[in-house]
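Structural features, examined
In case you want the letters, here they are:
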Amino acid sequence: MHQNPHSIQNSSPNTRSRLTRRLLRWLLGIIAVVAISLLYPNNLRFPFEFERGQTWRYSDLDAPYDIPVLKTPETLDAEIREVEQVARPVYRMDQDIARNARAEFLREFQISLDSAKVRGENKDLIRNPERHRRYGLRILDKLYDQGIIRARSEEEVDGMATLVTILNGNEQRERTLAQLRTPGDARAWLRDSLFYTDLKSPEFLLDLLEDRFNHNLFYSDSLTQKLKADAIASVSPYDDLIRQGESIIKRGETVTGNVYQQLVSYRRLYNESLSTQTTFWSVFGGYAVQIGLVVLLLIFYIRSFFPLIYSRTKNLVFILMWLVLYALLVRTLELSPDLSTYLVPFCIVPIVIRIFFNERLAFFVHVVVVLTASFLTTLGYHFVFLSIMAGVVVIVMDIDTRDYGRFLRSLLLLFAFYFVGFIGLELMRGGTWNTVNYKIIAWIGLNVFLCLLSIPLIPVLERIFGFISPITLGELSDMNRPLLEKLARQAAGTWQHSLNVANMAEQAARAIGADALLVKTAALYHDVGKITNPGFFIENQSGPNPHEKLGPKESAAIIIGHVNEGIKLARQAKLPEVLIDFIRTHHGTTRAEFFYRNYIKDHPEREAEEADFRYPGPRPATKEQTILMLADSTEAASKSLKNPSKEELYDLIDGIIRGKLGSGQLEFSRLTFHELEACRSVFRSFLQSVHQVRIAYPEEE
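Overview of the structure. (Residues numbered from 1 in each chain as written. Predicted model: local features only at pLDDT ≥ 70, side-chain atom pairs only at ≥ 80, totals over all residues. Heavy atoms only, no water.)

Some words on the packing of helix α27 (residues 623-638) against helix α28 (residues 646-662)
Our working rule: Axis angles are defined between N-to-C directions and span 0 to 180 degrees, where every axis is a line fitted to C-alpha atoms and, for a helix, only to the segment in contact. Strands are runs of DSSP state E lasting at least 2 residues, helices are runs of H or I lasting at least 4, and numbering of each runs from the N terminus. For classification, angles of less than 35 degrees are called roughly parallel, those exceeding 145 degrees roughly antiparallel, those between 65 and 115 degrees roughly perpendicular, and all remaining angles oblique. For a crossing to be left-handed, the near helix must be turned anticlockwise from the far one by less than a right angle; the clockwise case is right-handed. Any pair of residues with heavy atoms lying within 4.5 Å of one another is described as a contacting pair. As a working rule, the residues Ala, Val, Leu, Ile, Met, Phe, Trp, Tyr, Cys and Pro are called nonpolar, Asp, Glu, Lys and Arg charged, and the rest polar, with Gly in that last group.
Where α27 meets α28, the closest approach of the two axes is 10 Å, and the angle between their N-to-C directions is 140°. Classified by the interaxial angle, the pair formed by α27 and α28 is oblique. The way α27 lies across α28 gives a crossing that is right-handed. Touching M629, L630, S633, T634, A637 and S638 of α27 are L649, L652, I653, I656, I657 and K660, all from α28. Tallied by class, residues from the contact of α27 with α28 come to 8 nonpolar, 3 polar and 1 charged.

Some thoughts on the packing of aromatic side chains
Convention followed: Working definition: a ring pair exists when centres of Phe, Tyr or Trp rings (six-membered ring for Trp) sit within 6.5 Å. Plane angles under 30 degrees give stacked, over 60 give edge-to-face, the rest tilted. Here's how the labels work: a residue is buried when its accessible area is under 20% of the maximum for its type, exposed when over 50%, partly exposed in between, all with a 1.4 Å probe on protein chains only. A ring has a charge above it when a Lys NZ or an Arg CZ is no more than 6 Å from the ring centre and no more than 35 degrees off the ring normal.
Taken as a whole and judged by the stated rule, the model has 28 aromatic pairs. Centroid distance F109 to F204: 5.5 Å. Interplanar angle 80°. Geometry classified as edge-to-face. Residue F109 is found in helix α3 (residues 95-119), and its partner F204 is found in helix α8 (residues 202-209); the two are separated by 95 residues along the sequence. Residues F109 and F204 agree in their burial class; the two are buried. Note on Y326 and F346: the rings are 5.4 Å apart at their centroids and 25° apart in plane angle, and the pair reads as stacked. Note that Y326 is positioned in helix α13 (residues 313-334) and F346 in the loop between α13 and α14 (348-356), a separation of 20 residues in sequence. For Y326, a relative accessible area of 5% puts it in the buried group. Counting every residue linked through ring pairs, the aromatic cluster contains F318, W322, Y326, Y342, F346, F356, F357, F383, F422, F465 and F467. In this arrangement the basic side chain of R25 is found over the ring face of Y310, its NZ or CZ atom lying 4.6 Å from the centre.

Re a positive patch on the surface
Note the cut-off: For patches, a residue must show more than 30% relative accessible area and have no salt bridge; joins then use 9 Å for like charges and 5 Å for nonpolar side chains, namely Val, Leu, Ile, Met, Phe, Trp and Tyr. Shrake-Rupley sampling with a 1.4 Å probe provides the accessible areas, and residues are treated as covered by the protein chains on show and by no other component. The rule for a salt bridge is simple: a side-chain nitrogen of Lys or Arg has to be within 4 Å of a carboxyl oxygen of Asp or Glu. Charged residues are defined narrowly, with Lys and Arg counted positive, Asp and Glu counted negative, and His plus the chain ends left uncounted. To locate a charge, the coordinates of NZ of Lys, CZ of Arg, CG of Asp or CD of Glu are taken.
A surface patch of positive charge is lined by R18, R21, R22 and R303. With respect to the helices and strands, R22 occurs in helix α1 (residues 5-37).

Some details on a nonpolar patch on the surface
Residues L24, L27 and I31 make up a contiguous nonpolar surface patch of roughly 250 Å² in combined accessible area. Tracing the backbone through its elements, the reader meets L27 in helix α1.

Remarks on helix α23 (residues 516-525)
Counting along an α-helix, one turn takes 3.6 residues, and residues three or four places apart therefore face a common direction. Let me state the cut-off plainly: Whenever two N or O atoms come within 3.5 Å, that pair is a polar contact, provided that in protein one can donate a hydrogen and the other can accept it, and provided that, for residues adjacent in sequence, both atoms are side-chain atoms.
Most of α23 sits out of view: 8 of its 10 residues are buried. Where α23 is concerned, the buried positions are A516, L518, V519, T521, A522, A523, L524 and Y525. On the buried face of α23, the contacting elements are α20 (470-476), α21 (482-490), α22 (492-512), α25 (577-585) and α27. Its side-chain oxygen 3.4 Å from the backbone nitrogen of L517, D515 forms the N-cap of α23.

A few points about α28
The condition is simple: Multiplying 1.5 Å by the helix residue count minus one yields the expected span of that helix.
Over its 17 residues, α28 runs 24 Å from end to end, which matches the ideal 24 Å to within 8%, given 1.5 Å per residue. On its buried face, α28 sits against α27 and α29 (673-690). Immediately downstream of α28, the backbone of G664 shows phi near 80°, a positive value.

Have a look at this one:
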């Protein structure tokens with residue numbers, strides 16, 4: 001078979017383009033997986049979830065190694081408080097004070113002794129000075145060794161029985177205040193004891209010793225805190241030991257207080273061993289595999305059931321964005337001790353995605369987002385259940401962001417489901433109304449309130465990603481829009497045709513559950529390109545037909561050109577790309593049949609030039625685009641019938657639908673045959689009422 005070289009050249013860039021888009025989609029998935037996995041590289045968790053009073057639902061659990069059992073937090077806190085209460089203030093002994101006092105005493109002793117010799121006084125002292133010197137030194141050593149304290153007001157208030165710790169170099173001893181002296185106590189003791197000795201001149205020593213008593217014990221806050229910290233550190237956190245192989249709990253048993261503490265101890269030891277035995281890359285790889293599986297399933301799901309969404313890269317960016325954003329949000333809250341992950345408004349995901357796409361995709365993405373978040377949170381299956389249930393509620397309630405009253409009522413109902421579900425889970429775990437954590441319910445209430453953010457988010461995301469929402473569609477379907485006003489003014493026949501098509505398409509879309517507002521709005525704009533040459537279209541003609549002055553090929557170019565002209569005008573009016581797609585596809589790749597046949601009649605040898613008479617397409621790819629094509633063709637063709645009977649009208653509709661099927665215009669449509677029959681029924685009913693078809697009654701004889 002001969003192959004056109006131009007088609008070979010064109011196919012190569014197309015192939016490269018498809019390959020590039022495919023690689024880009026997978027690259028987006030990989031980026032999402034890596035970004036989410038990086039949020040928790042060291043977040044491996046204990047494989048069992050348990051609560052006090054809960055039934056153990058796993059298999060029998062034996063200790064895989066020796067497990068020291070932790071004391072309960074209450075017991076450990078009580079022991080630490082007891083240690084803190086008995087912790088004693090620490091006083092440091094300054095040896096320099098005693099040395100200085102000795103040196104000062106010896107110097108003064110020698111001066112006084114020399115003075116006595118000159119004056120001839122204290123003959124007993126002069127005869128035996130060494131005995132007096134040694135006695136004075138012994139008194140100084142005794143009193144300074146005993147300690148002369150500068151006590152704080154706290155110890156003085158507590159009384160003489162107050163124990164303090166004295167540090168003298170490396171020596172540590174405990175003394176009461178009663179066992180220590182102040183400078184005044186030392187002088188009083190000296191006066192009381194000195195005159196009961198056998199010294200011949202005690203008054204000589206009294207004068208020299210009285211002013212030698214200074215504080216040598218000083219309070220040290222740093223040493224006090226250090227000793228207190230050492231004492232607290234010496235409190236053992238363990239209360240018992242489970243030997244390797246000993247049973248911890250059996251399946252079906254209740255997690256009692258002791259067993260709960262053993263499980264807590266096992267979990268702590270397990271997590272500590274993981275943090276020391278695993279590497280960053282092993283943890284990262286494990287999480288990347290889990291997240292990769294979830295993202296892979298999401299991409300396969302979109303490719304299988306929503307190929308049009310899958311074909312556009314921006315759609316995948318939009319969907320994968322939610323996984324990364326919510327993973328980051330959950331991880332941030334998990335690291336914030338004052339906040340709860342129940343605060344995360346997961347329901348924004350199905351609300352927003354449903355607005356731009358549909359319920360099935362919204363729910364699936366919601367489930368994927370919750371599953372991804374479950375890898376990051378420690379809240380367990382209760383959190384996952386409540387979050388998925390909330391998504392189901394949002395989908396079932398059909399939340400409408402255009403109706404604020406209905407939207408608020410839906411949020412109240414959502415909170416009611418959250419509340420009942422949370423209470424049910426608490427009671428299921430053996431709790432009571434008194435043990436319910438109402439703080440979590442408050443977090444859930446704030447979560448539901450934050451769903452209001454979906455209202456301002458919708459127009460922002462609409463602008464960023466080029467989507468279209470019901471709010472925007474409602475605004476664009478306003479008859480006072482400049483482009484629609486121009487169409488009604490310059491091409492009144494086309495405007496009337498567009499109104500009829502919009503009503504037909506809207507009813508057909510409602511009948512099959514498609515987006516009625518989208519197809520209605522698209523129908524209003526689908527023929528705006530006729531504004532450029534309105535007189536060349538039969539619905540706008542009231543005088544001579546301008547095509548009579550043109551050849552078939554020129555006429556066909558003008559008729560077909562209204563598609564590109566419409567795209568141009570729509571872009572100038574800044575219409576969303578979604579609506580522009582309807583303008584592109586509403587004729588598919590059909591042929592301007594009337595002009596083609598006239599051309600072939602005059603030029604039978606030029607059948608190969610058929611491409612000049614075909615619309616550029618593409619063919620419709622969504623249900624809504626297909627409905628518009630069929631409604632446009634049937635409504636336009638029905639104008640050719642003058643006072644048609646019911647059978648004639650039905651035959652016309654059936655022939656048009658059959659022709660579209662036969663020419664392959666519906667090949668890429670997602671419309672089923674059952675839905676096509678529903679549309680056929682709507683078209684029949686609508687056009688029958690428009691043409692006021694009546695039953696032909698037999699004439700009276």
